[in-house]
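# Inside the fold
Each chain, letter by letter, is given below.
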Amino acid sequence: MSIASSLSVDKRDIVALEGVTKRFPGVVANDGVDLAIRPGEVHVLLGENGAGKSTLIGMLSGLQQPDEGRILVDGEPTAITSPRHALALGIGTVFQHMMLVPTLTVAENLLLGGPWWQRPKTEELEARVAEITRTLGITVRLHAKVSELSLGEQQQVEILRAMVRNTRLLILDESTSMLTPKGIEELGALMRRLVGQGLAIVFITHKLKEAAAFGDRISVLKLGRKVGEIPPERFRALGEQAIISEIVELMFGKRKDDPEAAERPVRVIHAEAAPLLQVHDLAVAPTDEAPCLSSISFDIRPGEIFGIAGIDGNGQKQLAEALAGQRATMGGSVRLEGAPIEALSVGERRERGLRYLTDDRLGEGTVGTFPVSINFFLKQVGAAPFWRKGVEQRAEIDKRAAQIVREYDVRTPSLKTPVARLSGGNIQKVLLARELAEGAKVVIFNKPTYGLDLANTLASRQRIRDTAARGLAVLLISTDLEELLSMCDRIAVISNGSLVGTVENADDARTKVGRLMIGLAA
Amino acid sequence: MTGLFSEVFLSALLFGAVTAAIPLLLAGLGEQMSEKAGVLNIGIEGMMLAGAYLGFVGAFYSGSLWLGFFTGAAGGIAVALVMALLCVRIGLNQIVIGIALTLGLEGLTALLHHFQFSRSYPRLPAVDVTVIPLLSDIPVIGPALFRQHLIVYLAIALVFAMGHIYRRTQLGLNLQAAGDKPAALDVAGIDVMRTRTIAVLTTGALAGLGGAFLANVGAGLFIPFITNGAGFLGIVLAMLARGRPVWVLFGALLFGVCLSLTTAMQVAGINIPTDIIQMLPFLAVMIMLVLFGRRASLPAALGIPYERGAR
Ligand SMILES: Nc1ncnc2c1ncn2[C@@H]1O[C@H](COP(=O)(O)OP(=O)(O)OP(=O)(O)O)[C@@H](O)[C@H]1O
Ligand SMILES: [Mg+2]
């Protein structure tokens, strides 16, 4: 292992961390971490949810200062005091949580940070963006408002922003989590081109395949400590499978071959059972940036997992929101257990057993500053037994919350911790626990495993399977085809706001869905 | 009523409306800038009072109205400095501090005035107006709109200057980002605290100027609590204007008309109890809030102190 060797300052390092420790109330987020970041290398950072990856990045981008240890930039001990300082040092970061101003346009967001007395240099920016997007192979609508973009598109804008500034060290904190398989491949190719030009890249992901495919060096964090590193020499010597099993061993202490490849249990769904959810000819008006939804029809029977595949931004979010009652529809019917619900409010639909797990966990899913315990019961505020005559029943809430925390393995310092302080994966567990609570009949999952580490991904998928096994109807929206193939009974493909085909999840489903996604008939 | 009387009456009414609108306009524009940057500035009433008092004192002793405007703005800035320190730097609750500042300044200015002038209320001489040729000859609106003190024209020009700053400059982007998503501004390399401090100090300057106008031009004297809610009306205007300076202008003129109507009806001796007449502007506030309040869109981070790295 090269932990010892990285301790000695290497002149080739752009940035080196030496014994960096960061504590938060109740947790040691980083514990004596050493890290060497070199030009021409993609340094992959792996670790479970809450392992301390984002905290490390926070210190490199000037958001936080280490409690112990030091950071060397170009061999010089440097205190990175502010984000501005980090940018000046050439460190550009794409953060895990969106760092765009929703009310400004894409162009305005990219211009943010210029000298305040100046006019924004829009023309200059347009020229530069045109050049970069050509090499990146993405299209960005510069004059669209950010709030109108899908999360995937927002992520592309953030990558673009890091590229627009002249960055020597590019940090990508889970930047592939919202991209399509094609987008991920393109980002990977781009990273290889950039390191070829001498850039250094720190790449955080939960997908071991990406780590093996795009990395040069891998460091693994576990509970704040660095538990291992695969240096480039060894990396090159090993094949993809060997690297993945070595990582799995480092992360989980046991060898597993392909941890994500779970056998899909054969479930018997009674074809004659009455569908729990019937959607017929649903239509939603287009907004400035999202396509309209037209003639969406499907049924989900009890115990069935119905998947929606498709490239991000094709109307998935609109569909989920229309079903949940958060978005006005233009026509069509939605029936729950045969009863029409399209005229009902969000709360009434929830009452009848329709649950929606949003992909925007912090934005609309939870109230970040509220404690974990209250977040479990957000949608029951005012209802017994947690509220009586309008008075919050602390003891009752805490008792039930403690139970849920145990059951769902939510890693939180305490029940009183504001939910936004948790790591991404643990926020998702809070949401899951809340939506699957009493009375659920139909559950809509929108990208349920994005941003989750392997252990949490597998656990969440198992929860979804269990949900269906209990006889609930599940609508699973995902951009991860593997995920859909491993879980669904039927998969529909959404493209430009309509369902272009539905496929039984049999042996040839992969090719059929793939063909539908790229616009060919199945 | 003869035609002549109604023309004079209308002209005076309009003139009074503009005079009453200017302090509201300045307060509204100032509050708008703070709110854009994410700071709910409830202390604005206190800033206006400081401006009114110091503005009057400055003009009274120097004999120069302009020096009065200058000291008025400086007084507003001084109060804003306290607000910026406590609410932006230290991150204390903006509502609590704002109320404390307003109450504190009400007491302080009354006390200082009492020490200085005891129970007398000395007056400033009438202000010089700048007459705009040709336009001022238009009947009714000519004398009302185009025979005003120079600062009135400057205040109107400020509306368009603000519009330009918000829509066309880097500073405008920074302000909006500071209010809607301060973390994004911070990681773009702009200091959120500094941006918000600039906004709060600008609010102080504008509110102070508004207060000085109220005392020196509107009333010609200082009496305790002279602002009488003008700062709070400014907050309402800023909330209803959805970030657009022109809407602050429209709103300020509307309230100005109400205020002026109140005075005019009292002067004309119309037989309605004065208490009811004096309710008019506040009735207008309520009607405006009912009509447009639901559409008021406030910045996402309004009232929330920014702390780097906290989540
Ligand atoms: N500002 C903060 N205040 C308090 N605790 C924090 C703060 N930031 C992070 N933590 C805690 O530090 C630990 C590490 O969190 P971090 O976000 O670095 O994990 P991560 O590896 O990025 O996880 P994920 O893969 O879920 O994003 C977590 O336990 C988290 O709750
Ligand atoms: Mg993270």
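Only a predicted model underlies this, so the values are computations on that prediction, with no experimental measurement involved. (Residues numbered from 1 in each chain as written. Chains lettered and ligands numbered in written order. Predicted model: local features only at pLDDT ≥ 70, side-chain atom pairs only at ≥ 80, totals over all residues. Heavy atoms only, no water.)

### Quick word on the overall build of chain B
In terms of regular secondary structure, chain B is built from 12 helices and 2 strands. Against the globule reference of 19 Å for 311 residues, chain B gives a C-alpha radius of gyration of 20 Å, in line with a compact fold. Put simply, chain B has 311 residues, and 51% of those count as buried. Partitioning the contacts of chain B with sequence separation of at least 6, the portion at a separation of at least 24 is 78%. Summed over its atoms, the accessible surface of chain B is roughly 13,800 Å², and 71% of this surface lies on carbon and sulfur atoms. Across chain B, the mean location of the 16 positive side-chain charges is 9 Å away from that of the 12 negative side-chain charges. (Helix = DSSP H or I, 4+ residues; strand = E, 2+ residues; numbered from the N terminus. Rg over C-alpha atoms; globule rule 2.2 N^0.38 Å. Buried < 20%, exposed > 50% of the residue type's maximum accessible area, 1.4 Å probe, protein only. Contact = heavy atoms within 4.5 Å. Areas by Shrake-Rupley, 256 points an atom, 1.4 Å probe, with all protein chains shown as cover. Lys, Arg positive; Asp, Glu negative; His and termini not counted. Charge placed at Lys NZ, Arg CZ, Asp CG, Glu CD.)

### A short note on the coordination of the magnesium ion (ligand 2)
Within the protein, the atoms that donate to the magnesium ion (ligand 2) are Ser54 of chain A (OG) and Gln96 of chain A (OE1), at distances of 2.0 Å. Highlighted residues: Ser54 of chain A in helix H2 (residues 53-60) and Gln96 of chain A in the loop between strand E6 (91-94) and helix H4 (106-111), separated in sequence by 42 residues. (Donors = N, O, S within 2.8 Å, 3.2 Å for Na, K, Ca; no water.)

### Some thoughts on the pattern of salt bridges
Residue and element names in this part refer to chain A. By the definition in use, this model includes 29 salt bridges over all chains. Taking the shortest distance from any N to any O, the salt bridge between Arg141 and Glu153 comes out at 2.9 Å. Of this pair, Arg141 sits in the loop between helix H5 (122-136) and helix H6 (151-164) while Glu153 is found in helix H6, placing the two residues 12 residues apart along the sequence. Measuring nitrogen to oxygen at the nearest pair gives 2.8 Å for the salt bridge that ties Asp359 to Lys317. Here Asp359, found in the loop between strand E16 (354-357) and helix H13 (361-365), pairs with Lys317, found in helix H11 (residues 316-324); they are 42 residues apart in sequence, far enough to count as distant. Look at Lys317 and you get partly exposed, because its relative accessible area is 25%. Residues participating in the shared-partner salt-bridge network are Lys317, Glu321, Arg327, Asp359 and Lys447. (Salt bridge = Lys/Arg side-chain N within 4 Å of Asp/Glu carboxyl O.)

### A few points about the environment of Asp312 of chain A
Residues and elements named next belong to chain A. Tracing the chain through its elements places Asp312 in the loop between strand E13 (305-309) and H11. Here Asp312 falls in the buried class, since its relative accessible area comes to 16%. Separated by 168 residues in sequence, Asp312 and Asp480 place their C-alpha atoms 10.0 Å apart.

### Focus on the sheet that holds strand E19 (residues 442-446) of chain A
All names here are of chain A. An order of E16-E19-E20-E13-E21-E22 is seen for the 6 strands of this open sheet, with the pairing classed as mixed. With one partner strand each, in any of the chains shown, E16 and strand E22 (498-504) form the two edges of the open sheet. Going across the sheet, the axis of each strand differs from the next one's by a mean of 20°, ignoring polarity. Sheet topology places E19 next to strand E20 (residues 473-477); 5 bridges connect them, and they run parallel. If you follow Val443 over to E20, its bridge partner there is Val474. (Pairing = 2+ DSSP bridges. Axes fitted to C-alpha atoms, helices over the stretch in contact; angles between N-to-C directions.)

### Section: the interface of chain A and chain B
Between chain A and chain B, the residue contacts involve 33 residues of the former and 22 residues of the latter. Both faces combined, the contact of chain A with chain B buries some 2,400 Å², and carbon together with sulfur accounts for 60% of it. Summed over the shared surface of chain A and chain B, the number is 0 salt bridges. Seen at the junction of chain A and chain B, the total is 6 residue pairs in polar contact (both at pLDDT 80 or more). Here the element with the most residues in the side of chain A that touches chain B is helix H3 (residues 83-88) of chain A; it accounts for 3 residues. Of the residues assigned to the side of chain A that touches chain B, the class counts are 17 nonpolar, 10 polar and 6 charged. (Buried area = accessible area lost by both parts, 1.4 Å probe. Polar contact = N/O pair within 3.5 Å; in protein donor to acceptor, adjacent residues only side chain to side chain. Nonpolar A, V, L, I, M, F, W, Y, C, P; charged D, E, K, R; others polar.)

### Topic: the packing of helix H2 (residues 44-62) of chain B against helix H3 (residues 65-89) of chain B
Residue and element names in this part refer to chain B. The interhelical angle for the contact between H2 and H3, taken along N-to-C directions, is 150°, at an axis separation of 7 Å. For the element pair H2 / H3, the angle class is roughly antiparallel. Remark: the crossing between H2 and H3 carries right-handed chirality. The segment H2 lies against H3, with Gly46, Met47, Ala50, Gly51, Leu54, Gly55, Gly58, Ala59 and Ser62 engaging Leu65, Leu67, Gly68, Thr71, Gly72, Gly75, Gly76, Val79, Ala80 and Met83. Taken together, the residues of the contact of H2 with H3 break down into 9 nonpolar, 10 polar and no charged. (Parallel < 35°, antiparallel > 145°, perpendicular 65-115°, else oblique. Left-handed = near helix turned anticlockwise from the far one by under 90°.)

### Quick word on the site of ligand 1
Close to ligand 1 lie 21 residues, the nearest being Gly50, Ser54, Thr55, Gln96 and Arg421 of chain A. Ligand 1 is flanked by residues contributed from chains A and B. Gln96 of chain A places a side-chain nitrogen or oxygen 2.8 Å from an oxygen atom of ligand 1. Here ligand 1, which alone exposes 640 Å², has 92% of that area covered by the protein. Secondary structure elements with two or more residues in the shell around ligand 1: strand E2 (27-37), H2 and helix H16 (424-435) of chain A. (Near = heavy atom within 4 Å.)

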